[in-house]
Amino acid sequence: MSSDTKTSAASMEKIVSLCKRRGFIYQSSEIYGGCGGIWDYGPLGAELKRNLRDIWWRTMTREREDVLGLDAGILMNPAIWKASGHVDTFADLMRECSLTNKRVRADHVEPQDGTVLRYSAAHAPNGWRWDRPITALLKNGEHIESFRKRVRALIAQNAGEAAGKPEEIELLDETKTDVVAGSVDFHPETGGLLGEARPFNLMLKTYLGPTATEDDVTYLRPETAQAIFAQFKNVFDSSRVKVPFGIGQIGKAFRNEVTPKNFTFRSREFEQMELEFFIKPDEAVEIICGEVAPWHEGADLSEPQPNWGWELWHRYWVDQRTRFYQGIGIGNVLEYYWQTPEDLAHYARACVDILCEFPFGTEELEGIAARGDFDLSQHQKHSGKTQEVFDEELKNAAAKLSDEQKEALIQKRLAAEAAKTKGSPLPEADVRAWFERLFKGNYVPHVIEPSAGLDRMALAVIAKAYEEFEKTDDKGKKETITVLRFHPRVAPIKVGVFPLLKNKPELVAKAREVYALLKKHLNCFYDETASIGRRYARQDEVGTPFGVTIDFETCGEKGPELQDTVTLRHRDGGEQERVKISDLLGKLLPLCS
């Protein structure tokens with residue numbers, strides 16, 4: 001008899017270990033000591049990411065009539081980043097350790113308790129000196145000699161060879177200055193006193209051209225969205241689309257994170273999957289339809305309607321993205337954070353973060369923002385190139401309005417501008433000029449932006465799928481079993497193919513036939529070594545949802561009625577069924593798509 005007991009949620013350490021051991025994710029440049037915040041995806045990780053990428057692309061573009069694709073370059077004219085605000089404002093507040101110069105994000109400093117110790121200086125027998133005060137935190141429970149040893153080591157690390165041996169450094173004039181509780185003024189790793197918070201731009205700078213001067217400076221893109229905005233008019237003019245429509249893109253992005261952390265969750269190089277969905281301004285919807293449909297609980301979001309304004313479009317995309325996550329097996333651990341007016345950027349009307357349960361806590365998986373016309377308007381202003389579209393239906397509808405009706409729309413907008421709590425209200429002259437363009441059928445589209453991180457999504461899928469349980473065999477021996485319960489749509493390997501015995505040529509030959517049949521359509525793995533139970537367990541550990549075993553029944557040794565059938569094993573539940581080889585592909589393909 002055996003008993004299976006499910007254990008608690010996987011720890012991050014176990015997930016990281018499994019990812020390396022089974023070829024999902026490796027530390028970049030590991031043989032040279034690694035490269036902070038950069039990760040490489042192994043054979044199974046590459047397949048997992050490709051599956052997630054393909055599912056997103058198919059769901060967001062090919063299965064819809066209103067979304068087109070783009071694949072833009074990583075390097076762009078730096079004027080784009082100036083117009084978008086990234087050059088001036090894309091920064092985190094950073095604090096620097098006074099002992100090591102290590103930087104940490106100001107909002108990532110964990111509160112610490114302990115005693116503050118201060119030294120006036122430090123020197124070494126070889127004549128080296130550190131002629132400035134040293135302040136560090138002796139943590140509660142830490143022995144004073146361990147603390148001094150740590151401070152010497154950090155000073156030596158910062159000074160290099162000039163300081164000589166760390167144990168020979170003398171710390172001068174030790175003084176206990178304070179006892180603190182919940183302090184965020186000391187580096188979480190080193191304990192050194194942190195400097196004042198300063199903005200730290202997250203963009204990675206490079207040079208485009210041979211001279212490497214300031215005139216050649218550009219940036220590795222910190223997001224994929226700006227390329228979509230910069231190419232909006234080209235896509236609109238060349239594709240014969242009408243607003244509302246979207247442009248989707250998947251691609252690499254780079255951010256010089258001060259403290260990359262939690263495995264692949266926060267990295268310096270990552271992959272984004274972003275949609276910019278362009279919609280009419282609410283005023284245009286009201287002119288055309290007579291009203292803008294209001295949002296209410298229970299509103300039907302299944303099919304977009306002509307009278308939808310930004311709020312219903314925003315809710316629609318929250319619903320669509322939730323359904324996406326349900327379709328890849330992680331929908332039942334989702335939460336939402338609706339940003340408050342204080343959280344929002346001055347131009348944003350709403351933003352919701354879809355949150356997911358990770359081993360290290362509940363964190364953002366995807367953000368869906370209603371950004372107004374800010375992005376296209378910024379590029380129109382800075383480039384001097386119009387980003388307006390012309391809407392014949394809007395022009396015709398506006399022509400039927402009386403002067404009083406037009407003025408009522410203008411006054412409604414002026415009241416909204418006056419009620420703004422963030423940003424500067426648009427002057428009345430600008431509002432009237434904007435409506436003059438609108439009544440002629442011209443406007444800059446507004447945008448709803450669902451933005452997801454592929455690396456975070458892959459980590460969420462792995463963490464959700466990870467399961468351990470304890471199995472006891474007939475002899476009472478206990479073994480911890482690890483299973484990745486990937487949804488078949490995202491599993492890196494869809495099917496394991498096994499001959500029951502490797503020393504039976506007829507079984508091996510038939511297994512190879514089945515493998516050749518399936519691998520043209522599904523990623524399969526062939527395995528003939530070890531017991532069949534061990535082979536099942538190996539595939540369970542990497543998340544393979546189905547196993548196909550070629551046994552003696554397949555070869556007709558137990559009657560013609562079972563000839564050319566195989567045993568199809570389901571990972572989840574462990575049930576087994578006999579399936580004809582001719583029916584196998586037809587059964588598996590719908591389960592894995």
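Fair warning: this is a prediction, and the values are worked out from it, not measured in the lab.

Visitor: Just checking my understanding: could you explain the overall build of the protein chain for this structure?
Guide: Counting its secondary structure elements, the protein chain contains 17 helices and 30 strands. Overall size of the protein chain, expressed as C-alpha extent along the three principal axes, is 90 × 80 × 50 Å. Within the protein chain, residue pairs in contact and separated by at least 24 positions form 67% of the contacts whose partners lie at least 6 positions apart. Averaged over its 79 positive side-chain charges, the protein chain has a centre that lies 4 Å from the centre of its 92 negative ones.

Visitor: How do you make sense of the side chain of Thr264 when you look at a structure like this?
Guide: Assignment of secondary structure puts Thr264 in the loop between β16 (245-254) and β17 (269-279). The class for Thr264 is buried, based on a relative accessible area of 2%.

Visitor: Help me understand the packing of aromatic side chains in this model?
Guide: Remark: the centre distance and the inter-plane angle together describe each pair of aromatic rings, the angle taken between the planes. Tallied over the full model, the rule gives 25 aromatic pairs. Aromatic side chains Phe277 and Trp313 sit 4.8 Å apart centroid to centroid with 40° between the ring planes, which places their arrangement in the tilted category. With Phe277 in strand β17 and Trp313 in helix α9 (residues 310-327), this residue pair connects regions lying 36 residues apart in the sequence. For Trp313, a relative accessible area of 5% puts it in the buried group. Each ring, one from Phe324 and one from Tyr325, has its centre 5.4 Å from the other, and the planes form 85°; the classification is edge-to-face. Exposure remark for Tyr325: the relative accessible area of 0% places this residue in the buried category. Over the ring of Tyr325 we find Arg321; its NZ or CZ atom is 5.4 Å from the centre of that ring. Sitting over the face of the ring of Tyr526, Arg512 holds its NZ or CZ atom 3.8 Å from the ring centroid.

Cut-off values and rules
- Residues numbered from 1 in each chain as written.
- Predicted model: local features only at pLDDT ≥ 70, side-chain atom pairs only at ≥ 80, totals over all residues.
- Heavy atoms only, no water.
- Helix = DSSP H or I, 4+ residues; strand = E, 2+ residues; numbered from the N terminus.
- Contact = heavy atoms within 4.5 Å.
- Lys, Arg positive; Asp, Glu negative; His and termini not counted.
- Charge placed at Lys NZ, Arg CZ, Asp CG, Glu CD.
- Buried < 20%, exposed > 50% of the residue type's maximum accessible area, 1.4 Å probe, protein only.
- Phe/Tyr/Trp six-rings, centres within 6.5 Å; stacked < 30°, edge-to-face > 60°.
- Lys NZ or Arg CZ within 6 Å of the ring centre and 35° of its normal.

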